[in-house]
Amino acid sequence: MPKPAPPTPTPRHRLPDWDALGVRQEEERRRHKAAGDAANAAGRLAKKAALELQLGRTTDAKAATEQARKALDGAGEDGFNQETKQRAFSLKSIAEQIQTVESTLHFLETGRFPPPTEGLDDSEYIQGLLGGAENLAKYAVGRATAGDSTSIAVCRDGVKALQGALLAFDFRNGPLRRRFDGLKYQVKRLEDLLYEQSLIGKTVDGVTQVDEDDPCLKALAEIKIRFDEADQARENVIKKSRDVQKASKQAIFACHRGDAAKASKLLETAKTAAEAILEDETLVKKWPALRFGSLAAALEEYAEAALFMKWLEAKKDPSAPLVASQHALGLPLSDEEYLGGVCDLTGEVGRVAVAAATARDLGTVTRVFETDVAVMEAVSGLNLPPKLAKKIGPLEMCVRKVEHLLYELALAAANPLAAKRAASSAGEEPEAKKARADDEE
């Protein structure tokens, strides 16, 4: 029997510096796993500490909390994001749970919330205080059962002082804001318990005056200043990032119109705006976490525009790589920003392929296909974060579309009428295809 012919191999193109990028991605994967293992170990102990506290076993709760803290600190450098200078995401909630138990225990021992400890993030500290307030409202129910109105009053005064200090904050929408919104219900619950105790003759004096020398309240005043500075910096980064993103998008449009001079000018404008953000001592340098969000999206758009320009310029130089290296784009881009730009590049060159196919430019369409395949092959070997993993589907679709363009061009070279029918069929819905087939029959 006859055998089918072997498939035509696609040329292999290795992207520059990709091996080094892959090593960094593997290291990030290892760090992520180590942080996850530490989170699992510390999380179990934190839950045990919370349960012991709920059952009134304060000594056991304190011992479990110390063990949980050791397990949390055991993550070492793997437990911190080196770019944001903050605790790894998987460990952040565990740190908040531990701080919640520690805040509650400290209040039960001293009648005050604790000051922040070394290595604790501001948001983790506040989350721990709010969690401690929730625990005190639960604790007060047990004391009400025992007729201990004095302890309930102490809890009420402490939680109200905490509420007064936090009312000065302007929390953004998020977990911290939602938890703070629940603080008023803890205050109301404590006041209701005192009222109910008064019905059976268990009365206490009025609200105790706030102690201005309370270390916790002093710490919160300092944290508010940092929060305000961070919020102002965040607003500035968002505003300035729009200029980077807008100029980058316009540079891409100029490339598609064939206006290389304007595209180069716009890309330089985007680069200058991005450098101004990255080098400002009051913005990302002071608050590294602000790089993630609007600025990261803008830098990813810049990477896409720069890669697209270099791809177009490389058409004149067959020895040039299909995809420029991370260090050739003019800005200190992170791996994730660069990878996002590489994946999005396939969409831009795909539009070039459509225009080239219309002009029957087989060479350009083939180059686009090889670029898409090279990117897909390189990216498939990486352990991508969830945000970038979503780009794999569109990337594979780009490869299929350009592959179909090559098929149509082959048909056009052999039979123009068949090519026209193939192009028409490719754009039809399944129902329309079936109806046309029935008509032809």
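Computed from a predicted structure; not experimentally measured. (Residues numbered from 1 in each chain as written. Predicted model: local features only at pLDDT ≥ 70, side-chain atom pairs only at ≥ 80, totals over all residues. Heavy atoms only, no water.)

Counting its regular elements, the chain contains 16 helices and two strands. In terms of overall dimensions, the chain is more spread out than a globule: its C-alpha atoms have a radius of gyration of 31 Å, far above the 22 Å expected for 441 residues. Taken along the three principal axes of its C-alpha coordinates, the chain extends 100 × 55 × 40 Å. Taken over 441 residues, the chain has a buried fraction of 44%. Within the chain, residue pairs in contact and separated by at least 24 positions form 74% of the contacts whose partners lie at least 6 positions apart. About 24300 Å² of surface is accessible on the chain, with carbon and sulfur atoms providing 54% of the total. (Helix = DSSP H or I, 4+ residues; strand = E, 2+ residues; numbered from the N terminus. Rg over C-alpha atoms; globule rule 2.2 N^0.38 Å. Buried < 20%, exposed > 50% of the residue type's maximum accessible area, 1.4 Å probe, protein only. Contact = heavy atoms within 4.5 Å. Areas by Shrake-Rupley, 256 points an atom, 1.4 Å probe, with all protein chains shown as cover.)

Now for the packing of aromatic side chains. One pass over the full model with this rule turns up six aromatic pairs. Each ring, one from F169 and one from F227, has its centre 5.5 Å from the other, and the planes form 80°; the classification is edge-to-face. Taken together, the residues F169 in the loop between helix 5 (149–166) and helix 6 (175–181) and F227 in helix 8 (residues 215–256) connect sequence positions 58 residues apart. Both residues of the pair, F169 and F227, belong to the buried class. (Phe/Tyr/Trp six-rings, centres within 6.5 Å; stacked < 30°, edge-to-face > 60°.)

For the rest of this paragraph, the subject is the pattern of salt bridges. This model, assessed by the stated rule, comprises 32 salt bridges. Each member of the salt-bridge network shares a partner with another, and the members are E27, R30, R31 and D78. (Salt bridge = Lys/Arg side-chain N within 4 Å of Asp/Glu carboxyl O.)

Here the focus is the nonpolar core. Of all hydrophobic cores here, the largest spans 67 residues; its most connected members are W18, L307, F308, V323, L329, Y338 and V365. Of all the elements in the fold, those that place two or more residues in this core are helix 1 (18–54), helix 8, helix 9 (260–279), helix 10 (294–313), helix 11 (335–358), helix 12 (362–380) and helix 14 (392–414). With 11 residues, the single largest contributor to this core is helix 10. (Core = buried A, V, L, I, M, F, W, Y, C linked by side-chain atoms within 4.5 Å.)

With that settled, the discussion passes to the environment of M397. Its location among the elements puts M397 in helix 14. As for M397 and D372, which are separated by 25 residues in sequence, their C-alpha atoms are 9.9 Å apart.

The subject of this paragraph is the confidence of the model for the chain. In this model, the chain carries a mean pLDDT of 90, and residues with pLDDT of at least 70 account for 93%. Mean pLDDT values over the elements of the chain span from 47, in helix 16 (residues 430–440), up to 97, in helix 9. (pLDDT = per-residue confidence, 0-100.)

With that settled, the discussion passes to the side chain of T346. Relative to the assigned elements, T346 resides in helix 11. The exposure class of T346 is buried, given its relative accessible area of 2%. Within the structure, the side chain of T346 is placed 2.6 Å from the backbone oxygen of C343, a separation counted as a polar contact. In contact with T346, not counting residues within four places along its chain, are D372, V375, L395 and C398. (Polar contact = N/O pair within 3.5 Å; in protein donor to acceptor, adjacent residues only side chain to side chain.)

Mapped onto the elements, K92 comes out in helix 3 (residues 89–110). With relative accessibility at 19%, the residue K92 sits in the buried group. With residues near it in sequence (within four places) discarded, K92 still touches R87, D121, S123 and E124.

The next thing to look at is the packing of helix 3 against helix 4 (residues 122–145). Two elements in contact, helix 3 and helix 4, have axes separated by 7 Å at closest approach and are oriented at 50°. Taken together, the axes of helix 3 and helix 4 are oblique relative to one another. Relative to helix 4, the crossing made by helix 3 is right-handed. Of helix 4, the residues touching helix 3 (which contributes K92, A95, E96, Q99, T100, S103, T104, F107 and L108) are S123, E124, Y125, Q127, G128, L129, G131, G132, N135, L136 and Y139. Here the contact of helix 3 with helix 4 is built from residues that sort into seven nonpolar, 10 polar and three charged. (Axes fitted to C-alpha atoms, helices over the stretch in contact; angles between N-to-C directions. Parallel < 35°, antiparallel > 145°, perpendicular 65-115°, else oblique. Left-handed = near helix turned anticlockwise from the far one by under 90°. Nonpolar A, V, L, I, M, F, W, Y, C, P; charged D, E, K, R; others polar.)

The phi dihedral of D17 is positive, around 60°, even though this residue is not glycine. Relative to the assigned elements, D17 resides in the segment before helix 1. Located in the positive-phi region is R360, a residue other than glycine, with phi close to 60°. The residue R360 is located in the loop between helix 11 and helix 12 in this model. Looking at R360, the relative accessible area reads 54%, which means it is exposed.

Moving on, we come to the state of the cysteines. Tallying each qualifying case throughout the model produces zero disulfides. No disulfide involves C216; its sulfur sits 14 Å from the nearest other cysteine sulfur, which is in C155. (Disulfide = S-S within 2.5 Å.)

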